[in-house]
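Remarks on the overall topology
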Amino acid sequence: EDKTITMPVIALRGMTVLPKMMIHFDISRSKSIAAVEKAMIGDQKVCLVTQKNSEEADPGIDELYQVGCVALIKQLVKIPNNVVRVMVEGLERVELLGLDSEEPMLVGEIEGLTESDDSLDCVTRQAMVRILKEKLEEYGRENPRMLKEVFPNLMMVTDLGELLDQIAIQLPWDYKSRQQVLECVLLEERYETVMGNLLTEIEITRVKREIQGRVKENVDKNQ
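These numbers were taken from a predicted model, which means no experiment stands behind them.

Take the confidence of the model for the protein next. Reading fine detail from the predicted coordinates is not recommended where pLDDT is low. Summarising the model, the protein shows a mean pLDDT of 91, and 98% of its residues fall at 70 or more. Averaged over each element, pLDDT in the protein is lowest for helix α3 (residues 144-149) (79) and highest for strand β3 (residues 45-50) (97).

Our focus in this paragraph is the nonpolar core. The biggest cluster of nonpolar side chains holds 51 residues, and the ones touching the most others in it are Phe 25, Leu 48, Leu 132, Ile 167 and Leu 171. Excluding its chain neighbours within four sequence positions, the residues that come into contact with Phe 25 are Leu 12, Met 15, Leu 48, Val 84, Arg 85, Val 86 and Val 88. Counting eleven residues, the second largest nonpolar core, distinct from the first, contains Ala 11, Cys 47, Val 49 and Ile 110.

Bringing the environment of Glu 102 into the picture now. Considering the arrangement of structural elements, one finds Glu 102 in the loop between β5 (83-100) and β6 (106-112). Overall, Glu 102 belongs to the exposed group, its relative accessible area being 56%.

With four bridges joining them, β3 and strand β4 (residues 67-79) adopt antiparallel strand pairing. Looking at β4, one finds that Val 46 is bridged to Ala 71. Counted along the chain from β4 to the antiparallel partner β5, the turn is three residues long, and its residue Asn 81 has a positive phi close to 65°.

Across the eleven residues of helix α5 (residues 160-170), nine count as buried, placing the element largely inside the fold. Buried within α5 are the following residues: Leu 160, Gly 161, Leu 163, Leu 164, Asp 165, Gln 166, Ile 167, Ala 168 and Ile 169. Those residues of α5 hidden inside the fold are in contact with β5, α2 (122-142), α4 (151-156), α6 (175-183) and α7 (187-222). For α5, the N-terminal cap is Asp 159; the gap from its side-chain oxygen to the backbone nitrogen of Gly 161 is 3.2 Å.

Throughout the structure, instances matching the rule amount to one cavity of 30 Å³ or more. Volume-wise, the largest cavity comes out at about 30 Å³. Along the walls of the largest cavity sit Leu 12, Thr 16, Val 17, Leu 48, Val 49, Thr 50, Val 67, Gly 68, Cys 69, Gln 179 and Leu 182, which together make up its complete lining. Where the lining of the largest cavity is concerned, the elements lending two or more residues are β3, β4 and α6. A per-class count over the lining of the largest cavity returns seven nonpolar, four polar and no charged.

Rules used throughout
- Residues numbered from 1 in each chain as written.
- Predicted model: local features only at pLDDT ≥ 70, side-chain atom pairs only at ≥ 80, totals over all residues.
- Heavy atoms only, no water.
- pLDDT = per-residue confidence, 0-100.
- Helix = DSSP H or I, 4+ residues; strand = E, 2+ residues; numbered from the N terminus.
- Core = buried A, V, L, I, M, F, W, Y, C linked by side-chain atoms within 4.5 Å.
- Buried < 20%, exposed > 50% of the residue type's maximum accessible area, 1.4 Å probe, protein only.
- Contact = heavy atoms within 4.5 Å.
- Pairing = 2+ DSSP bridges.
- Polar contact = N/O pair within 3.5 Å; in protein donor to acceptor, adjacent residues only side chain to side chain.
- 1 Å grid on protein atoms, 1.4 Å probe; cavity = no way out; pocket = protein on both sides within 12 Å on 5 of 7 lines; lining within 4 Å.
- Points joined across faces, edges and corners; volume = space filled by probe spheres on them.
- Nonpolar A, V, L, I, M, F, W, Y, C, P; charged D, E, K, R; others polar.

Laid out in structure tokens, this is it:
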């Protein structure tokens, strides 16, 4: 059975969209606007793939990451200077197999990537969820504002795959870190990626606070 489908593609600059992620962004390139207009005529779905180099004006398939996200267009607003503001909700991971870059838009041949957790039993998944939440609490102690604004929602998530994605969505990670998470179809691999980023962020925050503390101490001594 052929599971590949074709749909309009938007190349994103400096941004990666994950499943269940709600985000709005502006588009101005004619191919991107044409892709959105095509999607709105049909099922309102578009494939979002991130550019490897955000400066590339007209990227081909080699300039795009292979794994992207199908998204549902929730809202579309035309604003001045031929710019369209789009709000989307990420739906599922997909692999970009081919790209037709003929005018007037990008059209991709894509295939869905099914989340696989066959190697993880129920107890292991529950243990991973608990460890993640413990590390989130540790991160929250270093970042009190995040603890108040973001963590209550994260703590309510019980599914491992969703929690891993939501951590990447809710924490202020750059698009390259989110792209790494997007590309991890295997839950075990995604867990290692998210946990690695989380531990690094905790350590960076601690070191930053220690440096700031020493600087303040030296300033106080010299006053």
